[in-house]
Amino acid sequence: MLLLISPDGVEEALDCAKAAEHLDIIDVKKPDEGSLGANFPWIIREIRDAVPADKPVSATVGDVPYKPGTVAQAALGAVVSGATYIKVGLYGCTTPDQGIEVMRAVVRAVKDHCPEALVVASGYADAHRIGCVNPLALPDIAARSGADAAMLDTAIKDGTRLFDHVPPDVCAEFVRLAHASGRLAALAGSVKQADLGPLTRIGTDIVGVRGAVCEGGDRNAGRIQPHLVAAFRAEMDRQARGHAAGVPAVN
Ligand SMILES: O=C[C@H](O)COP(=O)(O)O
């Protein structure tokens, strides 16, 4: 399982760089603009230049409306700025067809510029609270649009977590559906160390985290701490070892 960490700017990205050996992907976002809030192109560029070259930089394009042209342009902006994982939060899409239309436009915009960039179609575990597309529709949206990964995050960061809205057995189905069509499965949403056992067992490819590696577990007031990134990775490794040995690690 890969670890994706979401700093909110250059300063926090540099803290991520201090823990570079413990993480896999640095995900640029602007949390004060939403769960998948988009940061400025120059911030993506600065972070790309500031962190180790072997660490992929991801960028969120926003909690986007159902406006394929607008979103495609934003996605191109992110890839031109140096991101090679482009994450789109399908906040304004109420049907799978709308999600597919937006993601097809994004895939074309991104891959025309950088064929090796990965496109991530993200939905929301708490979709029922905001009226957007059902979480289990995401793997099919990713597959039919040519995106590389299907993801879930939470839209409303009020302390509720991924598993509060989509329990582990449903997340397992999400992962199964994504893998069945050859996509990666990424899961996030106030994930804590205690969630790593189930996330490992169901075969999650990427876990996305912010709050759990911020001081005080506070994704807004707290700052990302390198030692918390290291501790999170240590627990991921412990769970992976237990899973490989057929003996689930106890929390
Ligand atoms: O993509 C990952 C998100 O930034 C997760 O943030 P969170 O762990 O604070 O919910």
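Residues numbered from 1 in each chain as written. Predicted model: local features only at pLDDT ≥ 70, side-chain atom pairs only at ≥ 80, totals over all residues. Heavy atoms only, no water.

(A) Structural detail: the site of the ligand. Close contacts around the ligand come from 16 residues, with Lys29, Lys157, Ser190, Gly211 and Arg219 the closest. One nitrogen or oxygen atom from the side chain of Lys157 is found 2.7 Å from an oxygen atom belonging to the ligand. Take Ser190: an N or O atom from its main chain is 2.7 Å from an oxygen atom of the ligand. Compared with its free state, where it exposes 300 Å², the ligand has 99% of that area covered by protein. Listed by contribution, the elements that provide at least two residues to the shell around the ligand are strand E6 (149–153) and strand E8 (206–209). Partitioned by chemical class, the residues of the shell around the ligand number 4 nonpolar, 5 polar and 7 charged. (Near = heavy atom within 4 Å. Polar contact = N/O pair within 3.5 Å; in protein donor to acceptor, adjacent residues only side chain to side chain. Areas by Shrake-Rupley, 256 points an atom, 1.4 Å probe, with all protein chains shown as cover. Helix = DSSP H or I, 4+ residues; strand = E, 2+ residues; numbered from the N terminus. Nonpolar A, V, L, I, M, F, W, Y, C, P; charged D, E, K, R; others polar.)

(B) Representation of the pairing of strand E3 (residues 57–63). Buried residues dominate E3, accounting for 6 of its 7 residues. The sheet contact formed by strand E2 (residues 25–28) and E3 spans 3 bridges and is parallel. Looking across to E3, one finds that Val28 is bridged to Ala59. Handedness of the crossover joining E2 and E3 through helix H2 (residues 41–50) is recorded here as right-handed. When E3 meets strand E4 (residues 85–89), the two strands line up parallel, connected through 4 bridges. Each bridged residue has a counterpart across the sheet, and for Thr60 the counterpart in E4 is Lys87. (Buried < 20%, exposed > 50% of the residue type's maximum accessible area, 1.4 Å probe, protein only. Pairing = 2+ DSSP bridges. Right-handed = clockwise from strand over helix to strand, strands pointing away.)

(C) Geometry of the sheet that holds E4. Spatial strand order, E1-E2-E3-E4-E5-E6-E7-E8: 8 strands in a closed barrel with parallel pairing. Neighbour to neighbour, the strand axes of the sheet diverge by 25° on average, direction disregarded. Sheet topology note: the E4/strand E5 (residues 118–124) ladder contains 5 bridges and is parallel. Within the sheet, the bridge partner assigned to Gly89 lies in E5 and is Ser122. Each of E3 and E4 touches helix H3 (residues 68–80); the most contacted strand, E3, lies at about 160° to it. Sitting on the sheet, helix H8 (residues 168–180) touches E6 and strand E7 (184–188), and the angle it makes with E7 is about 150°. (Axes fitted to C-alpha atoms, helices over the stretch in contact; angles between N-to-C directions. Contact = heavy atoms within 4.5 Å.)

(D) Molecular detail of the UniProt feature "active site" (unreviewed entry) in the protein chain. Cross-referencing UniProt, the feature "active site" (unreviewed entry) maps to Lys29 and Lys87 in the present numbering. Taking the farthest pair of C-alpha atoms as the criterion, the annotated set spanning 59 residues converges on one region, since that pair is 9.8 Å apart. Within the fold, Lys29 resides in the loop between E2 and H2. The residues contacting Lys29, other than those within four sequence positions of it, are Ser6, Pro7, Asp8, Ser35, Leu36, Gly37, Asn39, Thr60, Lys87, Asp153 and Arg219. Tracing the chain through its elements places Lys87 in strand E4. Lys87 sits in the buried class, given a relative accessible area of 2%. (UniProt positions renumbered as here; feature names shortened; annotations may be inferred.)

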